[in-house]
Amino acid sequence: AGKGKGPERKPLSLARTKGSEILFGVAPCWLALAQARRALFRLFLKQSSGSGRPLRGEFALQAAARGVPVLHVPGRELDTLCRGRPHQGVCLEAAPLPFKSLRDAEEPRLGDAESGSRQLLWLVLEHIQDPMNLGALLRSAYFLGVDRVVASLRNSCPLTPIVSKASAGAVEVFDVYGTDDLQGFLKAKSAEGWEVVGTVTRPGDVEGVPVVSCSEFRWDKPVIVVIGSEGEGLSLETQLQCHRMLAIPPGRALHPGIDSLNVSVAAGILLHSICSQKRRHGD
């Protein structure tokens, strides 16, 4: 019986739990284990006597504390598990992370628009489809102090392992809400006293909504910043919900083919421009 076991073991060890996905990289796997917001199935660590041993020991302890089985496998098996992406010697089999429903969201600060908490900042994402961009957006939003992120559910990238890696694990600690009625949501927040500001690459493309430079924007009420898709920008329906549009002034005369910023970089600049007013104009 002992002989027959050997060849069978490898495929068995990598048979996936139905519906699971493979997180990869130190930060996403560590934070997913620490937060335990997902169902966690198995932790895969690279077999090695090299420099990563203390870190892998910590991973094994954390997994044991969570009751998650640990498998020590050759690096090439990790490469296969995460399709050659940079796993840093760690993969975690886990349930997918869903968007949180706005309908279930607690609104502890719903009345703050009226009661004087002017320094609330939400980020709304419309049709962000590139998981690297989505991850980078979430990382910046978390770092800069955005209070909540809301994404359109239609035509948007789900919260995949690539998003988690690109967010440096921020998606494991920071809730991301989803809505299937973005315009209705923005309309409701406007009625509550929030300012809705869109973002625009080329100010000439916008009609009927005033465009201001991000350096001129003053944060004097709760604000929602709406970021549009990589190629198209904001849809016309969403632009019409915006009170103003924010633009980043370029530092030179731009060649027509290179006249915009990456969406996550642009969002980082705009959010920092707003967040830096927290100290100056804080309540």
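In what follows, the accompanying structure is described.

Conventions used here
- Residues numbered from 1 in each chain as written.
- Predicted model: local features only at pLDDT ≥ 70, side-chain atom pairs only at ≥ 80, totals over all residues.
- Heavy atoms only, no water.
- Helix = DSSP H or I, 4+ residues; strand = E, 2+ residues; numbered from the N terminus.
- Expected span 1.5 Å × (residues − 1).
- Buried < 20%, exposed > 50% of the residue type's maximum accessible area, 1.4 Å probe, protein only.
- Contact = heavy atoms within 4.5 Å.
- Polar contact = N/O pair within 3.5 Å; in protein donor to acceptor, adjacent residues only side chain to side chain.
- Pairing = 2+ DSSP bridges.
- Axes fitted to C-alpha atoms, helices over the stretch in contact; angles between N-to-C directions.
- Core = buried A, V, L, I, M, F, W, Y, C linked by side-chain atoms within 4.5 Å.

For the rest of this paragraph, the subject is helix 6 (residues 131-144). For helix 6, spanning 14 residues, the distance from its first C-alpha to its last is 20 Å, which sits close to the expected 20 Å at 1.5 Å a residue. Of the positions making up helix 6, those classed as buried are Asn-133, Leu-134, Gly-135, Leu-137, Leu-138 and Ala-141. Buried-residue contacts for helix 6 involve strand 6 (121-125), strand 7 (148-152), helix 7 (161-166), helix 8 (170-173), strand 8 (176-179) and helix 11 (263-275). N-cap assignment for helix 6: the residue whose side-chain oxygen lies 2.7 Å from the backbone N of Met-132 is Asp-130. Where helix 6 ends, the next residue or the one after it, Gly-145, has phi of about 100°, a positive value.

Here Phe-185 is to be found in helix 9 (residues 182-191). If we ignore the near neighbours within four places in the chain, the residues touching Phe-185 are Leu-102, Trp-122, Val-124, Val-150, Thr-179 and Ile-224.

With that settled, consider the pairing of strand 4 (residues 90-94). Burial of strand 4 is extensive: five of the five residues sit out of reach of the surface. Burial along strand 4 is two-sided: the residues Val-90, Leu-92 and Ala-94 and Cys-91 and Glu-93 are all buried. For strand 1 (residues 21-24) and strand 4, the ladder comprises four bridges, and the chain directions are antiparallel. Considered in strand 4, the bridge of Ile-22 is made with Glu-93. Bridging between strand 2 (residues 40-46) and strand 4 involves five bridges; their strand directions are antiparallel. Considered in strand 4, the bridge of Leu-43 is made with Leu-92.

The next thing to look at is the sheet that holds strand 12 (residues 244-247). Strand order in the open sheet made by the eight strands is 5-8-7-6-11-9-12-10, with parallel pairing throughout. Strands with a single pairing partner mark the edges of an open sheet, and in this sheet they are strand 5 (100-101) and strand 10 (211-213). Docked against the sheet, helix 11 engages strand 6, strand 9 (195-199), strand 11 (223-227) and strand 12, running at close to 165° with respect to strand 11.

This next bit is on the nonpolar core. In terms of nonpolar packing, the biggest core is built from 33 residues, with Leu-121, Leu-123, Leu-125 and Val-149 touching the most fellow members. Elements supplying a minimum of two residues to this core: strand 6, helix 6, strand 7, strand 11 and helix 11. Residue contacts for Leu-121: discarding those within four places in its chain leaves Val-146, Asp-147, Arg-148, Trp-219, Val-223, Val-225, Leu-271, Ile-274 and Cys-275. The next biggest cluster of nonpolar side chains, apart from the first, holds 20 residues, and it includes Val-124, Leu-186, Val-196 and Met-245.

Moving on: the pairing of strand 12. The side chains of a regular strand alternate, first on one face of the sheet and then on the other. Alignment of strand 9 against strand 12, held across three bridges, turns out to be parallel. By the bridge assignment for strand 12, Gly-198 is matched with Met-245. Here three bridges tie strand 10 to strand 12, and the two strands are oriented parallel to one another. From the neighbouring strand, Val-212 faces strand 12, where its bridge partner is Leu-246.

So yeah, pure geometry; function would need other evidence.
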